[in-house]
Amino acid sequence: ITDTVFASNASGNRGGAAFLIGGSSSIGNCEFIGNTALDRGGAINSTSGQQMLAFNSTFHGNTVGDADNEGRGGAIYHISTTDAVINNSLFTENSATAFGGALYAAEDILVRNSTFVGNTTGNVNGLVGAFEARLRNCIAWDNGPTPMPSSGNVATHSIIEGGFAGAGNLGADSSDEPIFVNRAGGDYRLAEGSPGIDAADSTAWPANLDTDFNGNPRVVNALDS
């Protein structure tokens, strides 16, 4: 699925915009906006052997759960025997009534070079619920007091508000707050002076990821080291 917008869809069960089961899927340059589900995955439910790749995509304002249903994974719920991979994507203002305002990782989910801002949950884990997420070169800010459980989840070279143990991580100090060009206007590029500039690990980038979310060169004035 490429260059597609999924907006204001609703499911009385799982996967407000898409329910992926069996086989494999690739989702690129897509937008998931304002989708809802009652149980698992406000935008996407990926399950039962499903291999899912999502890249260069936006997940905004998706919700899961209500007063009678414990929603998990405001944007994506993943439970499968195969890893899910998310590259170069943006998650903003998604919500779940129970766990994982942005993601619920019941099985391995690898997230690289992605940004999470303003995701919320009725619990405490506004970024990730459960214990199977691996974050590389990510930014997570304003996702609740405890963005994701420390047990089982892994993050490196990422800015996570409140701090998170891992090589190269920032976020424990208020001075680590990422400086976006215009958060209110939906522009989450890093502005001059942001601690996120030059803080990533280039060896952890996905293959062929040469540009950023806006199509500009990801590396500028590359250093020898």
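A brief structural summary.

About the cut-offs
- Residues numbered from 1 in each chain as written.
- Predicted model: local features only at pLDDT ≥ 70, side-chain atom pairs only at ≥ 80, totals over all residues.
- Heavy atoms only, no water.
- Helix = DSSP H or I, 4+ residues; strand = E, 2+ residues; numbered from the N terminus.
- Rg over C-alpha atoms; globule rule 2.2 N^0.38 Å.
- Buried < 20%, exposed > 50% of the residue type's maximum accessible area, 1.4 Å probe, protein only.
- Contact = heavy atoms within 4.5 Å.
- Areas by Shrake-Rupley, 256 points an atom, 1.4 Å probe, with all protein chains shown as cover.
- Lys, Arg positive; Asp, Glu negative; His and termini not counted.
- Charge placed at Lys NZ, Arg CZ, Asp CG, Glu CD.
- Disulfide = S-S within 2.5 Å.
- Pairing = 2+ DSSP bridges.
- Core = buried A, V, L, I, M, F, W, Y, C linked by side-chain atoms within 4.5 Å.
- Phe/Tyr/Trp six-rings, centres within 6.5 Å; stacked < 30°, edge-to-face > 60°.
- Polar contact = N/O pair within 3.5 Å; in protein donor to acceptor, adjacent residues only side chain to side chain.
- Salt bridge = Lys/Arg side-chain N within 4 Å of Asp/Glu carboxyl O.

Assigned secondary structure in the protein chain consists of zero helices and 25 strands. In terms of C-alpha radius of gyration, the protein chain reaches 16 Å, essentially the compact-globule figure of 17 Å for 225 residues. Expressed as a percentage of the 225 residues in the protein chain, the buried residues total 47%. Considering only contacts in the protein chain between residues 6 or more positions apart, those separated by 24 or more positions represent 65%. Summing over all exposed atoms, the protein chain offers an accessible surface of approximately 10,000 Å²; the carbon and sulfur share of this is 46%. One way to put it: in the protein chain the 9 positive side-chain charges average out to a point 6 Å from where the 23 negative ones average out.

Here we come to the state of the cysteines. Here is the idea: a disulfide is a covalent bond, and it sits between the sulfur atoms of two cysteines. Inspection of the entire model under this criterion finds zero disulfides. In this model Cys 30 remains outside any disulfide bridge; the closest cysteine sulfur is found in Cys 138, 19 Å from its own. Since its relative accessible area comes to 1%, Cys 30 is described here as buried. Judged by its relative accessible area of 2%, Cys 138 falls in the buried class.

In this section: the sheet that holds strand E2 (residues 10-11). Strand order across the open sheet formed by five strands is E2-E6-E10-E14-E18, with parallel pairing between neighbours. For this open sheet the edge positions go to E2 and strand E18 (120-121), each flanked by a neighbour on one side alone. Both strand E6 (residues 36-37) and strand E10 (residues 63-64) contribute to a ladder of two bridges, which runs parallel. Following the sheet pairing, Ala 37 is matched in E10 by Val 64.

Right, let's get into the nonpolar core. Counting 32 residues, the largest nonpolar core has Ile 44, Ile 76, Phe 91, Leu 103, Phe 116 and Leu 135 as its most contacted members. Taken together, the elements giving at least two residues each to this core come down to strand E3 (18-21), strand E8 (51-55), strand E12 (84-87), strand E15 (103-105), strand E16 (109-112) and strand E20 (133-136). Those residues in contact with Phe 91 that sit more than four places away from it in its chain are Phe 59, Ala 75, Ile 76, Ile 86, Ala 102, Leu 103, Thr 115, Phe 116, Val 117 and Asn 119. Counting residues in each nonpolar core, the second largest holds seven residues, with Leu 90, Val 117, Trp 141 and Ile 159 among its members.

Our next topic: the environment of Ile 109. With respect to the helices and strands, Ile 109 occurs in strand E16. In sequence terms Ile 109 and Leu 135 are 26 residues apart; their C-alpha atoms lie 8.6 Å from each other. For Ile 109, the residues in contact, after removing those within four places along its chain, are His 78, Ala 84, Ile 86, Leu 103, Glu 132, Ala 133 and Arg 134.

The next thing to look at is the packing of aromatic side chains. Centre distance and the angle of the planes are the two values used to describe a pair of aromatic rings. A full pass over the atoms with the stated rule returns six aromatic pairs. Taking the centre distance of 4.9 Å and the plane angle of 5° together, the rings of Phe 32 and Phe 59 count as stacked. In this pair, Phe 32 is assigned in strand E5 (residues 31-33) and Phe 59 in strand E9 (residues 58-60), connecting sequence segments 27 residues apart. Classification of Phe 32 as buried rests on a relative accessible area of 1%. With relative accessibility at 0%, the residue Phe 59 sits in the buried group. The structure contains a cluster of three or more aromatic residues connected by ring pairs, namely Phe 6, Phe 32, Phe 59, Phe 91 and Phe 116.

The topology assignment puts Asp 187 in strand E25 (residues 187-190). Side chain to side chain, Asp 187 and Arg 189 meet in a polar contact 2.8 Å long.

Our focus in this paragraph is the pattern of salt bridges. With the rule as written, the count across this model stands at five salt bridges. A salt bridge links Arg 134 to Asp 83, with the shortest nitrogen-to-oxygen separation between them at 2.8 Å. You can see Arg 134 sitting in strand E20 and its partner Asp 83 sitting in the loop between strand E11 (76-79) and E12, a full 51 residues away along the chain. Asp 83 gets classed as partly exposed once you look at its relative accessible area, which sits at 32%. Asp 187 is the partner of Arg 189 in a salt bridge, and the nearest nitrogen-oxygen pair spans 2.8 Å. The structure contains a network of salt bridges with shared partners spanning Arg 14, Asp 39 and Arg 40.

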